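Residues per chain, in single letters:
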Amino acid sequence: MTSIASGGHREADLDVELMLAEYQALKAEQLARIGTRDNLLYATLAAYAAIVAGVLGGGGPVHIMLALPAVAAVLGWTYLANDKKIVQIREYLRRDLGGRIGQRLPDGATAFGWESTRRTGIERRLGKIGHVAVDLIAFSAASIAALAAYWTLAPIGALTVLAVAESGVTLAFTAEVVRWSLSGRASGWRRSE
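Residues numbered from 1 in each chain as written. Predicted model: local features only at pLDDT ≥ 70, side-chain atom pairs only at ≥ 80, totals over all residues. Heavy atoms only, no water.

(A) Structural context of the environment of L75. You can see L75 is positioned in helix α2 (residues 67-102). Put simply, L75 and T44 are 31 residues apart on the chain and 6.6 Å apart in space, counted from C-alpha to C-alpha. Other than its neighbours up to four places away in sequence, L75 contacts L40, A43, T44 and F139. (Helix = DSSP H or I, 4+ residues; strand = E, 2+ residues; numbered from the N terminus. Contact = heavy atoms within 4.5 Å.)

What follows is the structure, encoded as structure tokens:
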């Protein structure tokens, strides 16, 4: 009887060790994705500066401005995909893995409380509003400004089709950022989850 109980205890310890290893691996992935997401924003700003400098500083044609929405589309969608994965990891850690580990803790104790505690309050809401505003300014507003400059300054020609396509992609990206921010998953505003 003792050997069965001790064998069960070893299995429980192994289960907890595996869950903690999973937690560490997912936190490492989450941190890497946060770094990638943040660096994508910096890369976007650097690309914008190069494009604008090429048009304004070098006297280049206004058609070069069409490169800006293309850069915004590629880097913006990649940025948003990383942001979604970051949130999905957070939710998995908080709800699934934290719940399984929490079942092994004494009554009243919670696992990974920091994953939820820091996501409440007015400061979090204001921070998330700021995050969405930065996303919209960095990716959507910059694209809209570049497209407006193109539509205003360039004659209608072969690149007009590209400008129309970029306008559609910009609108789709903007709609997805707004949808994602209002979904509650990205915002962290629903406290009862």
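(B) Spatial organisation of the packing of α2 against helix α4 (residues 122-153). At a closest axis distance of 8 Å, the pairing of α2 and α4 adopts a crossing angle of 160°. Compared by their axis directions, α2 and α4 come out roughly antiparallel. In this structure, α2 meets α4 at a crossing whose hand is left-handed. For the pair α2 and α4, the contacting residues are L68, P69, A72, L75, G76, Y79, D83 and R90 in the first and R124, K128, H131, D135, F139, A142, S143, A146 and L147 in the second. Among the residues making up the contact of α2 with α4, the classes are represented as 9 nonpolar, 3 polar and 5 charged. (Axes fitted to C-alpha atoms, helices over the stretch in contact; angles between N-to-C directions. Parallel < 35°, antiparallel > 145°, perpendicular 65-115°, else oblique. Left-handed = near helix turned anticlockwise from the far one by under 90°. Nonpolar A, V, L, I, M, F, W, Y, C, P; charged D, E, K, R; others polar.)

(C) Spotlight on the nonpolar core. If you look at the biggest cluster of nonpolar residues, it comprises 26 residues, and the most contacted ones within it are Y48, M65, L68 and F139. Within the residue set of this core, elements represented by two or more residues are α1 (2-57), α2, α4 and α5 (160-182). Here this core gets 7 residues from one element, more than from any other, and that element is α4. Apart from the residues lying within four places of it in its own chain, the contact partners of M65 are I51, V55 and A146. Within the second largest apolar cluster, 7 residues are counted, among which are M19, Y23, L97 and I101. (Core = buried A, V, L, I, M, F, W, Y, C linked by side-chain atoms within 4.5 Å. Buried < 20%, exposed > 50% of the residue type's maximum accessible area, 1.4 Å probe, protein only.)

(D) Structural view of the pattern of salt bridges. Under the definition given, this model contains 8 salt bridges. Residue D96 pairs with R100 through a salt bridge whose shortest N-O separation is 2.9 Å. Residue D96 and its partner R100 are located together in helix α2, separated by 4 residues, close to a single helical turn. Judged by its relative accessible area of 32%, R100 is partly exposed. (Salt bridge = Lys/Arg side-chain N within 4 Å of Asp/Glu carboxyl O.)

(E) Inspection of α5 at higher detail. Between its terminal C-alpha atoms α5 stretches 33 Å, which fits the 33 Å expected from 23 residues at 1.5 Å a residue. Tucked into the core, α5 has its buried residues touching α2 and α4. (Expected span 1.5 Å × (residues − 1).)

(F) Layout of the side chain of D83. With respect to the helices and strands, D83 occurs in helix α2. Only 3.2 Å separates the side chain of D83 from the side chain of W180, close enough to count as a polar contact. The contacts of D83, once residues within four sequence positions are left out, are R37, K128, H131 and W180. (Polar contact = N/O pair within 3.5 Å; in protein donor to acceptor, adjacent residues only side chain to side chain.)

(G) How the structure looks around α2. Between its first and last C-alpha atoms α2 spans 50 Å; for 36 residues at 1.5 Å apiece the expected length is 52 Å, and the two agree. For α2, the principal kink sits at L93 and spans about 35°. (Bend = angle between axes of the 7 residues up to and from the residue.)

(H) Geometry of the environment of I51. Its location among the elements puts I51 in helix α1. Expressed as a C-alpha distance, the spacing of I51 and I64, which sit 13 residues apart in the sequence, is 7.0 Å. In contact with I51, other than residues within four places in its own chain, are I64, M65, A67, L68 and V71.

(I) Spatial organisation of the confidence of the model for the chain. Per-residue confidence for the chain averages 83 on the pLDDT scale, and 81% of its residues sit at or above 70. The secondary-structure element of the chain with the lowest mean pLDDT is helix α3 (residues 114-117), recorded at 65, while α5 shows the highest, at 93. Scored below 50 in pLDDT, residues 1-6 shows 0 contacts in the model against residues more than four places distant or in partner chains. (pLDDT = per-residue confidence, 0-100.)

(J) Layout of a nonpolar patch on the surface. Judged by side-chain polarity, I122, L126 and I129 come together as a nonpolar surface patch covering roughly 300 Å² of accessible area. For I122, the position within the fold is in helix α4. (Patch = residues over 30% accessible without salt bridge, like charges linked within 9 Å, V, L, I, M, F, W, Y side chains within 5 Å. Areas by Shrake-Rupley, 256 points an atom, 1.4 Å probe, with all protein chains shown as cover.)

(K) Up close: the packing of aromatic side chains. All chains considered together, the criterion is met by 4 aromatic pairs. Their ring planes at 80° and their centres at 5.3 Å tell us that W77 and F173 sit as a pair that is edge-to-face. A residue pair is termed long-range when its members are at least 10 positions apart, and W77 in helix α2 and F173 in helix α5 qualify at 96 residues. On the basis of relative accessibility, which here comes to 4%, the residue F173 falls in the buried class. Residues F139 and F173 carry aromatic rings whose centres are separated by 5.7 Å and whose planes lie at 70° to one another, so their mutual orientation is edge-to-face. (Phe/Tyr/Trp six-rings, centres within 6.5 Å; stacked < 30°, edge-to-face > 60°.)

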